[in-house]
Amino acid sequence: MTVHKPHLVVVGSVAIDWIITPRAERPESVGGSATFFAMAASYLSQVRLVGVVGRDFPDYAVADLKAAGVDVSGLEVVQDGLTFRWKGQYHENMNDRTTLETHLNVFEKFQPRLPEAFRGSEYLFLANIQPRLQSDVFAQMQRPRLVGLDTMNLWISIANDDLKAVLKNVDVLTLNDEEARQLSGEHNIVKAARAIRALGPRNVVIKRGEYGALLFDADGEVFSAPALPLEDVVDPTGAGDSFAGGFMGYLARPGVEPGGASLRTAMIYGSVMASFCVEGFSYDRLKGLDAATIQKRFETFASLTNFARASLT
Ligand code: AMP
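Owing to the predicted nature of the structure, the values given are computational and were not obtained by experimental measurement.

### So, the site of the ligand
Okay, step 1: The environment of the ligand is made up of 20 residues, and the closest members are Ser13, Asp17, Gly32, Gly238 and Asp241.
Okay, step 2: One of the side-chain nitrogen or oxygen atoms of tryptophan 155 is found 3.3 Å away from a nitrogen atom of the ligand.
Okay, step 3: In the environment of the ligand, an oxygen atom lies 2.7 Å from a nitrogen or oxygen atom belonging to the backbone of glycine 238.
Okay, step 4: Here the ligand has 510 Å² of accessible area as a free molecule, and 93% of this is covered by the chains.
Okay, step 5: Elements that contribute at least two residues to the shell around the ligand include exactly strand S2 (15–20), strand S6 (84–90), helix H4 (153–158) and helix H8 (239–251).
Okay, step 6: With three residues, H8 is the single largest residue contributor to the shell around the ligand.

### Considering the side chain of asparagine 203
Okay, step 1: Mapped onto the secondary structure, asparagine 203 falls in strand S11 (residues 203–207).
Okay, step 2: In this structure, asparagine 203 is in contact with Asp171, Val172, Leu173, Leu215, Phe216, Asp217, Ala218 and Leu263, ignoring residues within four places of it in sequence.

### Considering the sheet that holds strand S12 (residues 213–216)
Okay, step 1: With mixed pairing, nine strands are arranged side by side in an open sheet as S5-S4-S1-S8-S9-S10-S11-S12-S13. At either end of the open sheet lies a strand with only one pairing partner, and these are strand S5 (71–78) and strand S13 (222–225). Neighbour-to-neighbour, the strand axes of the sheet open up by a mean angle of 15°, direction not taken into account.

### Re the nonpolar core
Okay, step 1: By size, the foremost hydrophobic cluster in this structure holds 60 residues, and its most contacted members are Val10, Leu49, Phe247, Met267 and Leu286.
Okay, step 2: If you tally residues by element for this core, the top one is helix H9 (residues 261–277), at ten residues.
Okay, step 3: Those residues in contact with leucine 49 that sit more than four places away from it in its chain are Val10, Val14, Ala34, Ala38, Leu65, Val70, Asp71, Gly74, Leu75 and Phe118.
Okay, step 4: By size, the runner-up hydrophobic cluster in this structure holds 42 residues, among which are Phe107, Leu163, Leu175 and Ile206.

So, how was this worked out
- Residues take numbers from 1 onward in each chain, read along the sequence in its written order.
- In keeping with the model being predicted, local features are shown solely for residues with a pLDDT of at least 70 and side-chain atom pairs are shown and tallied solely at 80 or more, while totals for entire chains, interfaces and linings include all residues.
- Excluding hydrogens and water, the side-chain figures rest on all heavy atoms present in the structure.
- If even one non-hydrogen atom of a residue comes within 4 Å of a molecule or strand, that residue is called near it.
- Whenever a nitrogen or oxygen atom comes within 3.5 Å of another N or O atom, the pair is scored as a polar contact, on the condition that within protein one atom can donate a hydrogen and the other can accept it, and that pairs from neighbouring residues in sequence are kept only if both atoms are in side chains.
- Using a 1.4 Å probe, the Shrake-Rupley method yields the accessible areas, and only the shown protein chains count as cover for residues.
- For the purposes of this entry, the term helix denotes a DSSP run of H or I that reaches at least four residues, the term strand denotes a run of E that reaches at least two, and both are numbered from the N terminus.
- By the convention used here, residues are in contact when the closest approach between their heavy atoms is within 4.5 Å.
- In short, DSSP must find at least two bridges between two strands for them to pair.
- What counts as an axis is a line fitted to C-alpha atoms, over the stretch in contact for a helix, and the angles between N-to-C directions run from 0 to 180 degrees.
- Here the nonpolar core consists of buried residues drawn from Ala, Val, Leu, Ile, Met, Phe, Trp, Tyr and Cys, with membership extended through side-chain atoms lying within 4.5 Å.
- Buried means the residue's accessible area, taken with a 1.4 Å probe over protein chains only, is under 20% of the maximum for its type, while exposed means over 50%, and partly exposed covers the values in between.

The structure is reproduced here in structure tokens:
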């Protein structure tokens, strides 16, 4: 018997970043929301990437994605343009960062056209990029079983209406706590999640950096996933996208029903992939992982929150 393997489409940025941390600097670090997502999800399911790069994008990065099993037939290369570039600086605590520069470059005129073979894919993740592009890609999909979306403060500020329009089609929204406050206008995180669910997404995942992530699900339940206390965080860039890659990658596995208890397991695979991501610059640490290493860390997460039930009555 052959098992049908579902496919997971991701659209988002494919980038060259300039990263500054308190201890090091990397001026040409391959990044982008779709890159991190695809690298992380590739260990769990069949990933199809949609995006655009310019002539300056290094060949080795495309080769790395292919080697990870990612279908890059939806990655357009524009010869007379430059790749999306982002420059960010981390502060001493490594949780806060400042965006110094964003150059959309080839994303400015990008008109995504999904390869025919991608359109019937069962799972879709609209990684962080202009909400207009997220909508364009959603419109070209036939009938995905589950749609996830990630965004950031820039788009909440400058493309709020477009973002709210695409959110109506989303099953799971992932965003960080500051963005949740900005999108909802609520300071309290529980109230923020409730207000966001009213915008469309039935499930909301709020990422809190080194403090882990919270899932507010369609039944109104809350689940908390820890982050792994790490001694050496090298570069947090891409942690959120790797989280989403582990999360969606798990849900898109054969035999996993995307809902209820599996959303909680997905939160842990998300946390696992984010914990690897921050151990290196770019996707250095995500590259060359294997199932046994990932599974070992999954067990570490399980023991992190495993405690004996007790009772006083
Ligand atoms: P994360 O650390 O998970 O929030 O994602 C970092 C990645 O997001 C970097 O590799 C950047 O290239 C990418 N990025 C930064 N700003 C934007 C933006 N406005 N739109 C899309 N991607 C972005």
